[in-house]
Amino acid sequence: MIDKISIERINSLHPKIRDIVGNIYVDEVSKVLGVDTFCRIAYGLRTFKEQNELYSLGRTKLFSPNGKRLGIVTNAKAGQSFHNYGLAWDIVLIRNVQGKQSAVYETAVDFDKDGVSDWLEVARCFKKINAEWGGDWKGKLYDAPHFQITFGRTWKNLLELKRSGNVIVGTEYPII
Ligand SMILES: [Zn+2]
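Nothing here was measured: the structure is a model prediction, and the numbers come from that model.

J.: Could you give me a rundown of the domain arrangement of the protein chain, with the residues and numbers involved?
T.: Annotation of the protein chain at the domain level lists domain 1 (4–46 + 87–163) and domain 2 (47–80). One C-alpha centre belongs to domain 1, the other to domain 2, and the line joining them spans 22 Å. Facing four residues of domain 1, the contacting portion of domain 2 comprises five residues. Partitioned by chemical class, the residues of the side of domain 1 that touches domain 2 number three nonpolar, no polar and one charged.

J.: Quick rundown of the packing of helix α2 (residues 15–32) against helix α4 (residues 118–127)? Include the residues and the values.
T.: One way to put it is that α2 packs onto α4 with a least axis distance of 9 Å and a crossing angle of 160 degrees. Relative to α4, α2 is oriented roughly antiparallel. Seen from above, α2 lies across α4 with right-handed handedness. Of the residues in α4, those touching α2 at I24, E28, V29 and V32 are E121, V122, C125 and F126. Tallied by class, the residues present in the contact of α2 with α4 amount to six nonpolar, no polar and two charged.

J.: Could you give me a rundown of the nonpolar core, with the residues and numbers involved?
T.: Formed by 29 residues in total, the largest nonpolar core has its most connected members in C39, W89 and V122. Secondary-structure elements contributing two or more residues to this core are α2, β1 (37–43), β2 (88–97) and α4. Looking at which element gives the most residues to this core, the answer is β2, with five residues. Those residues in contact with W89 that sit more than four places away from it in its chain are R9, L13, V21, I41, Y43, G44 and F147.

Conventions we followed
Residues numbered from 1 in each chain as written. Predicted model: local features only at pLDDT ≥ 70, side-chain atom pairs only at ≥ 80, totals over all residues. Domains from an automatic or database assignment. Contact = placed C-beta atoms within 7 Å. Nonpolar A, V, L, I, M, F, W, Y, C, P; charged D, E, K, R; others polar. Axes fitted to C-alpha atoms, helices over the stretch in contact; angles between N-to-C directions. Helix = DSSP H or I, 4+ residues; strand = E, 2+ residues; numbered from the N terminus. Parallel < 35°, antiparallel > 145°, perpendicular 65-115°, else oblique. Left-handed = near helix turned anticlockwise from the far one by under 90°. Core = buried A, V, L, I, M, F, W, Y, C linked by C-beta atoms within 7 Å. Buried ≥ 20, exposed ≤ 12 C-beta atoms within 10 Å, placed from the backbone.

Next comes the structure, spelled out in C-alpha cells:
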C-alpha cells in the first residue's frame, strides 16, 4: 500500500535522494508486504530546531505535558544527525486489521508468511538504492527503523557546508 503520509515525508528528503527513495517506495516497498501491513516513513527531514527539542528530552525537558517522565531518545544535537540534512529516514510498519491501525516495532514478524521478516523485506528494497540500514549496525548503534544515504559525507562535512552557505538556493539542503 502506498501511504500518503509517507509520500509527504519522502518529499522532505534531500533533493538528491528524494526521487530514488520515492520511486523505490512506490515501486517496491509498497508491494512487498501483505495486504494488511504497510511501511510508513515515520520521519524524514528533521530540522535543527526539532533535533534540539528531541535532544532536550530526558535532559532539560523531563516531563511530558501530561506528567509522564521522559527518557533520553537521542545523543545527536542539532546538525549531528543525517536527518537534519534530509539524508536519513525512519520507518515503522503499520498493521491494519479491521480498520484498526497499530504500529509494529518487533522486527522478527512475518505477517505475509513468506519466510522473510517484513522488516527485512523492506530493508532489502531500500538497500537496492544503496541505503545503509541501521538494522545492520552492531551493539549500541543498532537502529532498525533508520536508513540513510550519505554519499560518504559525515555530519561535520554537511554542517560545514550549511554554515558556509553551500546550500541549494532557497533551501537549507547542503549542496552535495
Ligand atoms: Zn533515523
